[in-house]
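A look at the structure
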Amino acid sequence: VTVRSVSATLSFGTQYSRYDGYLITVRDVELTKSYTTENYTGEVVEETAPDGKQWAFIDVRVKNGTGESKLSPTSQDFFILSGNSQIESTFISSEPVERGSAYEGGDLQPDVVRDGWIAYEVDGELTLDDIQVVYSASTFEGDVSVYWGETPQQSLVGSIWQLLR
């Protein structure tokens, strides 16, 4: 049995305040079989997920509330849990035109906000009820694991499952 420390279980859109003052929110998740993008000539085209797959786009917001310049979480610190599968972010070469910018972690000055989307390629049959988004990091102060789901109960059930694994 592996024991994991769960810092919080939250609904999408709920902000988590990390021990050092960083404010982290997974605002939303959207599942889609396709999205629009611009090709190299500027023409708007439809990008379709591979057979049997779909994309999950999570919308992340991070604010540096630490009072000092500090590294923010990276996109690799966020992943999707579905059943017993952990899904890492996917690089997509053609950015969606309707989504704004991709989320990028990095050095942030005090009170600066960084937000954007992170893409994942997931099973085409998944629904939002099947998905949890997890922010996980190991720091000098200890491990942080925050679970977001459609409801706090969904996040809690996934967190308990992780504790029992």
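Residues numbered from 1 in each chain as written. Predicted model: local features only at pLDDT ≥ 70, side-chain atom pairs only at ≥ 80, totals over all residues. Heavy atoms only, no water.

**Comments concerning the overall build of the protein**
This is how the line gets drawn: The helix and strand labels rest on DSSP assignments: H or I over at least four residues marks a helix, E over at least two residues marks a strand, and numbering proceeds from the N terminus. Throughout this description, buried means an accessible area under 20% of the type-specific maximum (1.4 Å probe, protein chains only), exposed means over 50%, and partly exposed covers the range between.
For the protein, the count of helices and strands is one helix and 13 strands. Taken from the N to the C terminus, the helices and strands of the protein come in the order β-β-β-β-β-β-β-β-β-β-β-β-β-α. Counting over 165 residues, the protein shows a buried share of 41%.

**Side note on the pattern of salt bridges**
Note the cut-off: Within this document, salt bridges are pairs made up of a side-chain nitrogen of Lys or Arg and a carboxyl oxygen of Asp or Glu, the two lying within 4 Å of each other.
Scanning the entire structure with this criterion turns up five salt bridges. Ionic pairing is found between Asp115 and Arg27, a salt bridge with its closest N-O pair at 3.2 Å. Taken together, the positions of Asp115 in strand S11 (residues 113-123) and Arg27 in strand S3 (residues 23-32) put the pair 88 residues apart, joining distant regions of the chain. Glu30 serves as the salt-bridge partner of Arg99, at 2.3 Å between the closest nitrogen and oxygen. Residue Arg99 is located in the loop between strand S9 (85-87) and strand S10 (107-108), and its partner Glu30 is located in strand S3; the two are separated by 69 residues in the primary sequence. What emerges from the salt-bridge pattern is a single network uniting Arg18, Asp20 and Lys70.

**Details of the sheet that holds strand S1 (residues 8-11)**
Rules: Strand pairing is defined by DSSP finding a minimum of two bridges between the two strands. Axis lines are fitted through C-alpha atoms, for helices just across the contact stretch, and the angle between N-to-C directions can take any value from 0 to 180 degrees.
Here we have five strands laid out as an open sheet, ordered S1-S13-S12-S8-S9, and mixed in their pairing. Strands at the two margins of the open sheet, each flanked by one partner only, are S1 and S9. The average angle at which neighbouring strand axes cross in this sheet is 30 degrees, direction not considered. Bridge count for strand S8 (residues 78-82) against S9 is three bridges, and the pairing is antiparallel. Of the residues in S9, the one forming a bridge with Ile80 is Ile87.

**A closer look at the nonpolar core**
Heads up, the condition is: The definition of a nonpolar core used throughout is a set of buried Ala, Val, Leu, Ile, Met, Phe, Trp, Tyr and Cys residues joined through side-chain atoms within 4.5 Å. We call two residues contacting when some pair of their heavy atoms lies within 4.5 Å.
Core analysis: the largest hydrophobic core is formed by 28 residues, its most contacted members being Ile58, Phe78, Tyr120, Val133 and Trp148. Every element with two or more residues in this core is listed here: S1, S3, strand S6 (53-63), S8, S11, strand S12 (132-139) and strand S13 (142-149). No other element matches the four residues that S6 contributes to this core. Not counting chain neighbours up to four residues away, the residues in contact with Ile58 comprise Val26, Asp28, Val29, Phe78, Gly116, Trp117, Ile118, Tyr120 and Val133. Core analysis: the second largest hydrophobic core is formed by seven residues, Tyr35, Ala49, Phe57 and Ile92 among them.

**Some details on the side chain of Ser72**
With respect to the helices, strands and loops of the structure, Ser72 is situated in the loop between strand S7 (70-71) and S8. Contacts of Ser72, omitting those with residues within four sequence positions, involve Tyr22, Val62, Tyr103, Gly105, Gly106, Leu108 and Arg114.

**So, the environment of Phe79**
Within the secondary structure, Phe79 is located in strand S8. For Phe79, a relative accessible area of 6% gives the class buried. Sequence separation of Phe79 and Ser89 is ten residues, and the distance between their C-alpha atoms is 6.4 Å. Those residues within four positions of Phe79 in sequence are excluded, and the remaining contacts are Gln86, Ile87, Glu88, Tyr120, Gln132, Val133, Val134 and Ser136.

**A short note on the sheet that holds strand S2 (residues 15-17)**
Strand order in the open sheet made by the four strands is S2-S3-S6-S11, with antiparallel pairing throughout. The open sheet has two free edges, formed respectively by S2 and S11, since each of these has just one partner strand. Averaged over neighbouring strand pairs, the angle between their axes works out to 25 degrees when direction is ignored.

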